[in-house]
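Here are the chains, one letter per residue:
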Amino acid sequence: MAAISASLVKELRERTGLGMMECKKALSEADGNIETAIENLRKNAGLKSAKKAGRVAAEGAVLTRVNDNGTTAAMLEVNSETDFVSRDDNFKNFANEVVSKVMDTRSEDITVVMEGELEDARAQLVQKIGENITVRRAAVIEAPEGGSVGAYVHGDRIGAVVVLKGGNQDVARDIAMHVAAINPSVSHPENMPQSELDSEKAIILAQPDMAGKPAEIAEKMVQGRLKKYLAENSLINQPFVKDQNVTVAEYAKQSGAEVVSFVRFEVGEGIEKEEVDFAKEVMEQARRS
């Protein structure tokens, strides 16, 4: 067996980002041939990635891209197990490659986007950093003819893209900032799902001041409160976050624009995170030992 020098281990670490002992073991198994060691590590990456694939990845980042003329945007969520890894340059570089592919292909199908080199890169990243990495979802948003799109990302965790009829990318970005901050339910009141209205109506009817009211009076009160609920939760009717004296619709109109729609991603939304009781875990390990 060839002697494994410290310089050889250092080179393999620099090329793979793996730990010293793992690099030394790989070089020993490859009889000191660094290229063979890298090939073997790549072959094993799939197995190591598979072992980590069952672990919950609910941290990560949201990224956006907008083309030069502000007519098309792409938005992507990539997940990791910890917030620490989502700030790592290797993770960021990988996520940027993926969102660029989404923009280039105009595809929201993650299977199609990740096919080939990007999936290999994801598997290698999992091996390198030791956490499950998943590309969760993508959106491609097109402006109507004569319209514009704008994107805003807050703290790498919340992203929004707004579509306007008319206007420009800067106005759309300002409204996307509002969407990221306020999180409206829908863009227009008429877009509110009936199930949401039915649920809100049931809540209103159960409030103490509705008790004993004649049906006609109660219905007027319900409709008034539903109207207020729709105004508070519909983007176009909300006070604009950068100027509370105008609504979002009025702000858009100042630039000759109308709000068409929006898409909002927030890292980890809808993912059930595993709650870990570390104290209990340590106690159980102590008992077993």
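Refer to the structure presented above.
Residues numbered from 1 in each chain as written. Predicted model: local features only at pLDDT ≥ 70, side-chain atom pairs only at ≥ 80, totals over all residues. Heavy atoms only, no water.

J.: Got a sec to walk through the pattern of salt bridges? Specific residues and values, please.
T.: Opposite charge on two side chains permits them to pair, given that their charged atoms come into close proximity. Here the structure, examined in full by the defined rule, presents 11 salt bridges. As a salt-bridge pair, D83 and R87 come within 2.2 Å of each other at their nearest N and O atoms. Taking relative accessible area as the criterion, R87 reaches 48% and is therefore assigned partly exposed. Between R137 and E269 there is a salt bridge; the shortest N-O distance is 2.6 Å. Of the two residues, R137 is situated in strand β3 (residues 134-142) and E269 in the loop between β8 (257-266) and α12 (278-288); the sequence distance between them amounts to 132 residues. On the accessibility criterion, E269 (31% relative accessible area) is partly exposed. (Salt bridge = Lys/Arg side-chain N within 4 Å of Asp/Glu carboxyl O. Buried < 20%, exposed > 50% of the residue type's maximum accessible area, 1.4 Å probe, protein only. Helix = DSSP H or I, 4+ residues; strand = E, 2+ residues; numbered from the N terminus.)

J.: Can you lay out the sheet that holds strand β5 (residues 158-166) for me, pointing to particular residues and giving the numbers?
T.: Strands sit in the order β4-β5-β8 across an open sheet of three strands; the sheet is antiparallel. Each edge of the open sheet is held by one strand with a lone partner, namely β4 (148-154) and β8. Pairwise comparison of adjacent strand axes, ignoring direction, gives a mean angle of 15 degrees for this sheet. Where β5 meets β8, nine bridges bridge the pair, whose relative direction is antiparallel. Residue A160 lies in a different strand from β8, and its bridge partner there is R264. Contacts between helix α8 (residues 169-182) and the sheet are confined to β4, β5 and β8, with β4 contributing the most and set at about 40 degrees to the helix. (Pairing = 2+ DSSP bridges. Axes fitted to C-alpha atoms, helices over the stretch in contact; angles between N-to-C directions. Contact = heavy atoms within 4.5 Å.)

J.: Can you explain the sheet that holds strand β2 (residues 72-80)? Please cite residues and give values.
T.: Spatially, three strands are ordered β1-β2-β3 in an open sheet, and the strand pairing comes out antiparallel. At either end of the open sheet lies a strand with only one pairing partner, and these are β1 (59-66) and β3. Taken over all neighbouring pairs, the strand axes of this sheet differ in orientation by 10 degrees on average, direction set aside. Judged from the eight bridges that link them, β1 and β2 form a sheet pairing that is antiparallel. Following the sheet pairing, G60 is matched in β2 by N79. Along the sheet, helix α5 (residues 89-105) makes contact with β1, β2 and β3, crossing β2 at roughly 145 degrees.

J.: So what about unusual backbone geometry? Which residues, and what values?
T.: Even without a glycine there, the phi angle at D31 is positive, about 55 degrees. Looking at the element boundaries, D31 is found in the loop between α2 (20-29) and α3 (34-52). The backbone of R106 shows a phi angle near 55 degrees, a positive value even though the residue is not glycine. Turning to its location among the elements, R106 is positioned in the loop between α5 and α6 (110-114). Overall, the relative accessible area of 40% leaves R106 in the partly exposed class.

J.: So what's going on with the side chain of N67? Residues and values would help.
T.: Among the structural elements, N67 can be located in the loop between β1 and β2. Among the polar contacts listed, one links the side chain of N67 to the side chain of N69, at a separation of 2.9 Å. Each residue touching N67, except ones within four places of it in the same chain, is listed here: T72, M103, R106 and Q169. (Polar contact = N/O pair within 3.5 Å; in protein donor to acceptor, adjacent residues only side chain to side chain.)

J.: Quick rundown of the environment of G146? Include the residues and the values.
T.: Mapped onto the elements, G146 comes out in the loop between β3 and β4. Classification of G146 by relative accessible area gives exposed; the value is 64%. In the structure, G146 is positioned 19 residues away from K165 in sequence and 6.7 Å away in space, judged by C-alpha atoms.

J.: Tell me about the nonpolar core, and name the residues and values.
T.: Ranked by size, the top nonpolar core spans 23 residues in total, and within it L76, V78, F94, V98, I133 and V135 carry the most contacts. Elements represented by at least two residues in this core include exactly β1, β2, α5, α6, α7 (117-129) and β3. The element that contributes the greatest number of residues to this core is α5, accounting for seven residues. In this view, L76 contacts A61, V62, L63, A95, V98, V99, V102, V135, R137, A138 and F265; residues no more than four positions away in its chain are not counted. Counting 21 residues, the second-largest nonpolar core is a separate cluster that includes A176, V179, V246 and F262. (Core = buried A, V, L, I, M, F, W, Y, C linked by side-chain atoms within 4.5 Å.)

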